[in-house]
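Coordinate inspection notes
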Amino acid sequence: MRRLTDLYLRLDATTKTNEKVKAMREYFENAPAEDACWAVVLLSGKRLTRTVNSSLLRQWAAEESGYEPWLIERCYQIVGDLSETLALILPHPTDSDRGQAGEPLDAVVRDRLEPLALLDEAGQKKIVLDTWSRFNRDERFLFHKLLRGGLRVGVSRALLVRALAEVADLEPAVVDHRLTGTWRPNADSYRALVAEEETANLPSKPYPFMLASPLETEANELGAINDWQIEPKWDGIRAQLIRRKGEVYLWSRGEEQVAGSFPEVIAAARAMPHDAVLDGELLAWEDGRALPFGQLQKRLGRKHVELSLFPEVPVVFMAYDALELAGKDLREQTIRDRRAALEALLAKQSDIELSPIVNADHWSAITDYVAKARELGVEGVILKKRDSPYSAGRTRGPWWKWKADPYTIDAVLVQGQTGSGRRAGLYTSYTFAVWDGGELVPVTKAYSGLSNDEIEQVDRFIRSNTTARHGPVRVVKPELVFEIAFEGLQESTRHKSGVAFRFPRMSRWRGDKLAKDADTLASVRDLLKAHTGS
């Protein structure tokens, strides 16, 4: 545990990519395989199951420290991170120097974290208090992070793969592929991950996804339009459909098996003339048009889909790339050749949709297409260099995504809450409202989009204009207006407004507007009708 704690502190102390890779490489060079396998899981962003709720941790910390609960809450508001707050207020550990390396990470997971899900409150408390007595302050901090389900440390999957590739003296693409899919954290899996020789791949194993970068220049700066394959950018779930050796698998980009939610897609794959691995999009689909993403969500997270949902939310797999055909890996071929292979395959298969090509002679025609993308049921376009292979991750240059302008509304800031980590102590999470009659009704929260200077200005406003407090939340005078950008809307019974925003963020501080000039709930509902076509 101390070895991983030291790694965490090194990673958290730098923003330099090479320093992060060096720290991880040195960790994996020295850690036993039993520990290294869990470090791979945690650093790759996979979350452990949250087993102890935060209120119990606060309660037990109050008992152990002698601090009143209100004082712990106040400390949390200042520190901004509950894991760190609890580590700081607990009394000095009495048994934290057992052995130079401390308790192995594998033992911490096996004996302290995993049993918690099976225990009642008394059993959980016993393990947590015993851990506090044995771990030093930094180890406690990391233990709390793991207890609460995650470990965010500013490490991308690409950096983790790079570090492991350096340890194993392998190409990063090889390591990335070995990590993709169902990778189980045990010593044998880790040894296979960094083994010099290729290990046998399971038939279910997907390929690492290739990703597009946001287009940051004018399209005509990309050169001749004929050098690019242009496709609609669909608003669904990116997925790989795999048929190998008589079995069919469906993987989301989040590396989750989602076959149970989409049985008709599995049936369509079984009807293909031969084995294949297809890259594409899962879409709610009706009358030749994609339905809003909110409809697709009704099918997610289900091991089995009720028959009643089939006509209510029909689904298709929209294929736009062929990564493997009849056992042959096509990823090094150009997209021009992969597209031809895909078209030949789907010419004999009517139940999998072929994503169309957007044909145009001039970039101005694509500009017009993107401008009316929402009317067409898409988000914009994907631009793919015709001679590009299929590489893992986000490589700038071969693929670009050009999205339609987001929806926007003007809304009033009504509440603020302090952030965490480096923004601890600053009010950086905001609630926004629109008018419904003479009342301001909260419609969304947002915490990104402002500059550091603007954040400090809003923080000062919140502190000077607070009208009420509810725990860490301050209610403020409704005076500041912001333009809120978002990608979509859907009906919601969980929100008082009756709507839920998709990917909301602050796009502008509207210092030119008064609160009375903000939008209304009726105008938001008009946007909802336009978005859903209802």
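All of these numbers come straight from a predicted model, not from anything done at the bench. (Residues numbered from 1 in each chain as written. Predicted model: local features only at pLDDT ≥ 70, side-chain atom pairs only at ≥ 80, totals over all residues. Heavy atoms only, no water.)

Taken together, the side chains of Asp169, Glu171, Glu196 and Glu197 make up a negatively charged region of the molecular surface. Structurally, Glu196 can be placed in the loop between helix 12 (187-193) and strand 1 (210-211). (Patch = residues over 30% accessible without salt bridge, like charges linked within 9 Å, V, L, I, M, F, W, Y side chains within 5 Å. Areas by Shrake-Rupley, 256 points an atom, 1.4 Å probe, with all protein chains shown as cover. Salt bridge = Lys/Arg side-chain N within 4 Å of Asp/Glu carboxyl O. Lys, Arg positive; Asp, Glu negative; His and termini not counted. Charge placed at Lys NZ, Arg CZ, Asp CG, Glu CD. Helix = DSSP H or I, 4+ residues; strand = E, 2+ residues; numbered from the N terminus.)

The buried fraction of strand 17 (residues 466-470) is low, at zero of five residues. When strand 17 meets strand 18 (residues 473-476), the two strands line up antiparallel, connected through four bridges. Looking across to strand 18, one finds that Ala468 is bridged to Val475. (Buried < 20%, exposed > 50% of the residue type's maximum accessible area, 1.4 Å probe, protein only. Pairing = 2+ DSSP bridges.)

Let us look at helix 4 (residues 54-65). In an α-helix there are 3.6 residues to a turn, and that puts residues three or four apart on one side. Taking 1.5 Å of rise per residue, the twelve residues of helix 4 would be expected to cover 16 Å, and the 16 Å separating its terminal C-alpha atoms lies within 8% of that figure. Within helix 4, burial applies to Ser54, Leu56, Leu57, Trp60, Ala61 and Ala62. Buried residues along helix 4 sit in contact with helix 5 (69-79), helix 6 (82-89), helix 8 (121-134) and helix 9 (137-147). Positioned one or two residues after helix 4, Gly66 has a phi angle of 85°, which is positive. (Expected span 1.5 Å × (residues − 1). Contact = heavy atoms within 4.5 Å.)

A separate point is the nonpolar core. Side chains of nonpolar character tend, in soluble globular proteins, to be buried together. Judged by nonpolar contacts, the single largest core of 65 residues is most densely connected at Met24, Phe28, Val40, Leu164, Tyr190 and Leu193. Here this core takes nine residues from helix 3 (residues 33-43), the largest share from any one element. Among all residues touching Met24, those that are not within four sequence positions of it are Leu7, Leu11, Leu43, Val155, Leu159, Leu160 and Ala163. Within the second largest apolar cluster, 30 residues are counted, among which are Ile266, Ala268, Val313 and Ile352. (Core = buried A, V, L, I, M, F, W, Y, C linked by side-chain atoms within 4.5 Å.)

Here we take up the sheet that holds strand 11 (residues 380-385). Strands sit in the order 2-13-11-3 across an open sheet of four strands; the sheet is mixed. In the strand order of this sheet, the two ends are held by strand 2 (213-214) and strand 3 (228-233), each with one partner. Bridging between strand 3 and strand 11 involves six bridges; their strand directions are antiparallel. Bridged to Trp228 within strand 11 is Lys385.

What follows is about the environment of Glu456. You can see Glu456 is positioned in helix 18 (residues 452-464). With relative accessibility at 40%, the residue Glu456 sits in the partly exposed group. Each C-alpha atom of the pair Glu456 and Thr428 lies 8.8 Å from the other, and the pair is 28 residues apart in sequence.

The next point concerns the packing of aromatic side chains. By the definition in use, this model includes eleven aromatic pairs. Taking 5.2 Å as the distance between ring centres and 85° as the angle between the ring planes, the aromatic pair formed by Tyr27 and Phe28 counts as edge-to-face. With respect to burial, Tyr27 and Phe28 carry one shared label: buried. A centroid spacing of 5.8 Å and a plane angle of 80° characterise the contact between Tyr390 and Trp399, whose relative ring orientation is edge-to-face. Residue class for Tyr390 comes out buried when judged on its relative accessible area of 3%. Ring-pair connections join several aromatic residues into one group, and the members of that group are Tyr430, Phe432, Phe482 and Trp509. A cation over an aromatic ring shows up here: Arg374 above the ring of Tyr407, its NZ or CZ 4.3 Å from the ring centre. (Phe/Tyr/Trp six-rings, centres within 6.5 Å; stacked < 30°, edge-to-face > 60°. Lys NZ or Arg CZ within 6 Å of the ring centre and 35° of its normal.)

Along helix 13 (residues 263-270), the residues classified as buried are Val265, Ile266, Ala268 and Ala269. The buried residues of helix 13 occupy one face: seen down the axis, they fall within an arc of 160°. Where helix 13 is buried, its residues touch strand 4 (237-244), strand 5 (247-252), strand 6 (276-286) and strand 8 (315-325). (Arc of directions from axis to C-beta.)

In this section: the side chain of Arg474. Here Arg474 shows up in strand 18. At 7.8 Å, Asp459 is the nearest oppositely charged side chain to Arg474, a buried residue that forms no salt bridge. Beyond its immediate stretch of four places on either side in the chain, Arg474 contacts Val414, Gln415, Gly416, Tyr427, Ile462, Arg463, Thr466, Ala468 and Arg469.

The next subject is the confidence of the model for the protein chain. Scored by pLDDT, the protein chain has a mean of 87; 94% of the residues are at 70 or more. With pLDDT under 50 throughout, residues 96-100 is counted as low confidence; its partners more than four residues away or in other chains account for ten contacts. (pLDDT = per-residue confidence, 0-100.)

On to the pairing of strand 18. Here strand 18 shows no split at all, with Val473 and Val475 on one side and Arg474 and Val476 on the other all buried. Between strand 17 and the antiparallel strand that follows it, strand 18, lie two residues; Gly471 among them carries a positive phi value of about 65°.

Let us look at unusual backbone geometry. Phi is positive for Asp169, which is not a glycine, with a value near 60°. Within the secondary structure, Asp169 is located in the loop between helix 10 (157-168) and helix 11 (172-179). Phi at Asp287 takes a positive value of approximately 55°, unusual for a residue other than glycine. Relative to the elements of secondary structure, Asp287 occurs in the loop between strand 6 and strand 7 (289-290).

All right, on to the packing of helix 6 against helix 9 then. As a packed pair, helix 6 and helix 9 sit with axes 8 Å apart at the nearest point and diverge in direction by 145°. Regarding helix 6 and helix 9, the two cross each other, and that crossing is right-handed. On helix 9, the residues touching Ser83, Glu84, Leu86, Ala87 and Leu88 of helix 6 are Arg137, Arg140, Phe141, His144 and Lys145. Class assignment for the residues of the contact of helix 6 with helix 9 results in four nonpolar, two polar and four charged. (Axes fitted to C-alpha atoms, helices over the stretch in contact; angles between N-to-C directions. Left-handed = near helix turned anticlockwise from the far one by under 90°. Nonpolar A, V, L, I, M, F, W, Y, C, P; charged D, E, K, R; others polar.)

This brings us to the side chain of Asp235. Here Asp235 shows up in the loop between strand 3 and strand 4. Residue Asp235 is classed as buried on the basis of its relative accessible area, which comes to 14%. Reaching out from Asp235, the side chain makes a polar contact with the side chain of Arg502 at a distance of 2.5 Å. Residues contacting Asp235, with those up to four places away along its chain left out, are Glu281, Leu283, Phe293, Glu379 and Arg502. (Polar contact = N/O pair within 3.5 Å; in protein donor to acceptor, adjacent residues only side chain to side chain.)

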